[in-house]
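# What the coordinates show
The residues making up each chain are set out below.
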Amino acid sequence: MMEETEMSESKRLTKAREILRQVTEEAPEQMGLGSGVPLPFFNATEVPENVWSNGLLDGSDAIVRYKFRKGVKVAEPLVKYSPEKAEKALLNQPNRWIVRNIQIAFPIGFWAFSVVSDFILGKTDRRRERAQQLQRAISELGPALIKAGQALASRPDLLPKEYLEEMQLLQDKVPPFDSALAFQCVEEELGVKFLDVFELVSEEPVAAASIGQVYKAKLRTTGQEVALKIQRPNCEDIIALDLYILRWWSGIYTNIFKVFKREIDVQSIIDDFGELIYREIDYIAEAANAQRFNELYASIPDVFVPKVYSDLTTRKVLVMEWVDGVRLTDSASLARYGLETSKLVDTLVQCSLQQILENGFFHADPHAGNLLACADGRLCYLDFGMMSYADRRQRNGFLLAVVHIVNRDWSALVNVYQKLGFIPEDIDVKPIEFALDKALPDVLNSEISEVNFKNIVNKLGDIMYKFPFCLPPFYIAIIRCLGVLEGLAIQVDPTSRIISEAYPYVASRVLTDPQDDLQEALRRLALTPDGKIRWNRLEGLFQEARGTPRFDVVMSFDVLTDYILSDDGDILLEDLSEQIVIAVDSLGVEGVSYLLKFTRALRISDEVAAIRASRSLRLLLDGNVQDDAKKLFPEPTPAMQRFNRLLNLLDLSGDTDTAKFIPIFRKLAQEPKVQRAAGEVVAKLGERALSRSLRFVFGLPPPKFDGDCNAASTVFEESMVRY
Ligand SMILES: Nc1ncnc2c1ncn2[C@@H]1O[C@H](COP(=O)(O)OP(=O)(O)OP(=O)(O)O)[C@@H](O)[C@H]1O
């Protein structure tokens, strides 16, 4: 018995070394793995305890550290999708090809025939019915077609709304396959007897999906619980055949789209999909992605990734740490753990935003089955088969698109889309701008919590479908990710909205990020075309941004200062000086008026009221005072409220260390054009004060200055006279 175990152990090590050799030597290029992986391939049982407890896969002897080669962003599969190779192989198996062709062609062909006949007969109201028919047909056709249908659900540029909605309903709930076949696969892949290494915790799989099924087991040697994901038998073969057949039919479908005046290259869509699904069926690539995800996001509090036992992982078998947790949609269990759903959703959304908008490496499929909430409140990500990457230009492009939609700046939005290659450069974009203006809601003026991502994507989708848009994979993945995320967030907490969660993040990025394209967005958002400040917008942005953890008011002040000091900032500086003159002047006038009223109020009430008054002054300025105090004291003037709001925005009264502003003020003060502007402000203020005083002394009506608000001087006169 002992001998047998040793034998299998040594066989296992040989097999494991073989896998390592494949990964590191044979195909580092394809794998996206570095050559810097010469780690000995030890048995997982020899892993020192601290490796598991420190939460990182980093550098352990037992764990292969999949290094991403420079420039590789998402791990590539060892075997890549190759239509040519599939064609060669399948031409030798005409029987399989013919049978499967008939299985697919019949229902899909029937759907296509129905669509064309609706079109010829002018039955334009049957789109929903046809979408449902296609959904039913696909759901019967097996994993590759179901995955293809799910992928189409996030292609608003290809399908109208009704189809997108129906494709989203496609579930890959498939019956489990025979466990004997699953264990046989493990033995073949690892070169060990299944029961020598694993002890099943439950005989039945805990989950069965289109590509694989998952068992809960224990490692015999250490007793550690693991999740064992095993691929369906012949998965790659079946997918290759279906892709080949779909590709074979693509010319016909391209022509059907032409009938509807849509130029769609179906073949390249199928090829894109082929690449994605080949990534999903390679568990080594999945393990590498899991590790990459862990490296990038392990620092986010409350988020983690199960550790992968890479010496027990092959292309068809993935072994990882078992995580005890519950789905976010399982409200009863969440309540049992005493977990706050809104906090979990917040962690999830903030983590996704960081993935998409900061690092660019993101989990494109954060559905309920791919996330577990643990008893300690942490959120565990699972299933790294569908990862995507957006580079800096693409991430900023997405961020800018959000800003321009909020700002209703259609020409800027279309410009971003053109730069990202979604729309050709040489077409007349006016009709697109007009359609956007008509279709999209006024995000700024509706309650932000009422604007949901799905609505906006649907409306944008109608336009993308109508005009010649072509969405690249990164954008499709972002749409998919945010759509799935919003669906899940709403299921868990019906009040949550992805846009209202995301917009503060977007606001804080444009206010603090010095990258040129984001600064351009800030200018378009906060300045009029002739360079003057839109105070309300700027105030709105600060307010949104202030709630986010990454927002740093000093940094945003610094970014604004740099802009003012640049050549482009001259008009802004001029406008700012004018605004300062008006604000300080009216604050002076209105301030005097307020103080007079305030003193009168104090004289007619008692001392207690006076003390309460001084305490309430701050609250009063914030508009946050009790009704009885409001009766007692005059309303703060608009200028005072504005000034107070500005202080609040800059958080000068809060936790911000005001000393941090000193270098910025110094930078401003040293700049000759700012010195000149400051001199002009002082001179103008003096001029105004002198003019007001002289006119008052000589009993003349108050002077009128540009920008005087609320007849400030009249208020001043009246109160002086009354007093
Ligand atoms: N490490 C783990 N700990 C606990 N449960 C797990 C673990 N990994 C997977 N599971 C369970 O197995 C299910 C399926 O896992 P996973 O999503 O990785 O499989 P999949 O075949 O890629 O499925 P799909 O592609 O449909 O998302 C999960 O929803 C979860 O319930």
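For the structure, see preceding data.
Residues numbered from 1 in each chain as written. Predicted model: local features only at pLDDT ≥ 70, side-chain atom pairs only at ≥ 80, totals over all residues. Heavy atoms only, no water.

## Some remarks on the overall build of the protein chain
For the record, the criterion: Helix and strand definitions here come from DSSP, where helices need a minimum of 4 consecutive H or I residues and strands a minimum of 2 consecutive E residues; each element is numbered from the N-terminal end. Any residue under 20% of the maximum accessible area for its type is buried, any over 50% is exposed, and the rest in between are partly exposed; the area is computed with a 1.4 Å probe on protein chains only. The contact rule is simple, with two residues in contact once any of their heavy atoms fall within 4.5 Å. For every accessible area listed, the method is Shrake-Rupley and the probe measures 1.4 Å; residues are considered covered only by the protein chains on display.
Each helix and strand counted, the protein chain has 31 helices and ten strands in total. Here the protein chain holds 723 residues, and the buried ones make up 50% of them. If you take every contact in the protein chain between residues at least 6 apart in sequence, the share linking residues at least 24 apart comes to 72%. Total accessible area computed for the protein chain in this model is approximately 35,000 Å², and 55% of it derives from carbon and sulfur atoms.

## Describing the environment of Lys147
By the element assignment, Lys147 lies in helix α7 (residues 143-152). A relative accessible area of 13% means that Lys147 is categorised as buried. When the C-alpha atoms of Lys147 and Ile211 are compared, they prove to be 9.7 Å apart, with 64 residues separating the residues in sequence.

## Here's the deal with the site of the ligand
Condition: Residue proximity to a molecule or strand is established when one non-hydrogen atom of the residue lies within 4 Å of it. Side-chain atoms alone can form a polar contact between residues adjacent in sequence; in general such a contact is a pair of N or O atoms within 3.5 Å, and within protein one must be able to donate a hydrogen while the other accepts it. Each residue receives one of three labels: charged for Asp, Glu, Lys and Arg, nonpolar for Ala, Val, Leu, Ile, Met, Phe, Trp, Tyr, Cys and Pro, and polar for the others, Gly being one of them.
Inspection of the region around the ligand gives 19 residues, with Lys229, Val323, Gly369, Asn370 and Asp383 positioned closest. Between Lys147 and the ligand, the recorded distance is 3.5 Å, taken from a side-chain N or O atom to an oxygen atom. With respect to the ligand, the side chain of Asp383 contributes an N or O atom lying 2.6 Å from an oxygen atom. Contact with the protein chains hides 90% of the accessible area of the ligand, taken as 610 Å² for the molecule alone. Among the residues making up the shell around the ligand, the classes are represented as nine nonpolar, four polar and six charged.

## Things to note about the nonpolar core
To keep it simple, the criterion reads: Residues belong to one nonpolar core when they are buried, are Ala, Val, Leu, Ile, Met, Phe, Trp, Tyr or Cys, and are joined through side-chain atoms within 4.5 Å.
Counting 158 residues, the largest nonpolar core has Leu328, Tyr417, Phe422, Leu436, Phe469 and Tyr475 as its most contacted members. When residues of this core are assigned to their parent elements, the largest contribution, twelve residues, is made by helix α20 (residues 473-492). Not counting the four nearest positions on each side in its chain, Tyr475 is found in contact with Phe398, Tyr417, Phe422 and Met464. Counting residues in each nonpolar core, the second largest holds 21 residues, with Leu228, Ile230, Tyr309 and Val317 among its members.

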